[in-house]
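Topology and contacts: notes
Letter by letter, the chains look like this.
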Amino acid sequence: MVKIVHAQTVLTEDELAALKKKCNESSTKEALSMAVQHYLECEYTDLDDKMWTKKLEKVVQKKKQRKV
């Protein structure tokens, strides 16, 4: 069984507007939910060294493609 909790945070109006725009959501609840879900699933949010290794590999690959 999944336990649901209520969580809160403080954001500026500009930050919330930018988040809603980026998520293409008009609802604060949906925009925050989408942002949290992305953070949990995104490979770049791992807090170990793998995160930076993967990101740097992609940057190097893009630079190599531009030179060709």
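Notes on the structure follow. (Residues numbered from 1 in each chain as written. Predicted model: local features only at pLDDT ≥ 70, side-chain atom pairs only at ≥ 80, totals over all residues. Heavy atoms only, no water.)

A count of helical and extended segments in the chain gives three helices and zero strands. Ordered by position from N to C terminus, the α and β elements of the chain give α-α-α. Here the chain holds 68 residues, and the buried ones make up 7% of them. When the accessible area of the chain is evaluated, it comes to approximately 6,900 Å², of which 56% is carbon and sulfur surface. (Helix = DSSP H or I, 4+ residues; strand = E, 2+ residues; numbered from the N terminus. Buried < 20%, exposed > 50% of the residue type's maximum accessible area, 1.4 Å probe, protein only. Areas by Shrake-Rupley, 256 points an atom, 1.4 Å probe, with all protein chains shown as cover.)

Unlike most non-glycine residues, Asn24 shows phi in positive territory, near 60 degrees. Inspection of the secondary structure assignment puts Asn24 in the loop between α1 (13-23) and α2 (28-41).

Here we come to a positive patch on the surface. On the surface, a cluster of positive charge is made up of Lys62, Lys63, Arg66 and Lys67. Residue position: Lys62 is located in helix α3 (residues 49-67). (Patch = residues over 30% accessible without salt bridge, like charges linked within 9 Å, V, L, I, M, F, W, Y side chains within 5 Å. Salt bridge = Lys/Arg side-chain N within 4 Å of Asp/Glu carboxyl O. Lys, Arg positive; Asp, Glu negative; His and termini not counted. Charge placed at Lys NZ, Arg CZ, Asp CG, Glu CD.)

Within the secondary structure, Met34 is located in helix α2. Each C-alpha atom of the pair Met34 and Cys23 lies 7.1 Å from the other, and the pair is eleven residues apart in sequence. Residues contacting Met34, with those up to four places away along its chain left out, are Cys23 and Glu25. (Contact = heavy atoms within 4.5 Å.)

It is worth spelling out the packing of α1 against α2 at this point. Contact geometry for α1 and α2: axes closest at 9 Å, N-to-C directions at 75 degrees. Relative to α2, α1 is oriented roughly perpendicular. The segment α1 lies against α2, with Leu16, Leu19, Lys20 and Cys23 engaging Thr28, Ala31, Leu32, Met34 and Ala35. Class assignment for the residues of the contact of α1 with α2 results in seven nonpolar, one polar and one charged. (Axes fitted to C-alpha atoms, helices over the stretch in contact; angles between N-to-C directions. Parallel < 35°, antiparallel > 145°, perpendicular 65-115°, else oblique. Nonpolar A, V, L, I, M, F, W, Y, C, P; charged D, E, K, R; others polar.)

The subject of this paragraph is a nonpolar patch on the surface. On the surface, a cluster of nonpolar side chains totalling about 330 Å² of accessible area is made up of Val36, Tyr39 and Leu40. Following the sequence through the fold, Val36 ends up in helix α2.

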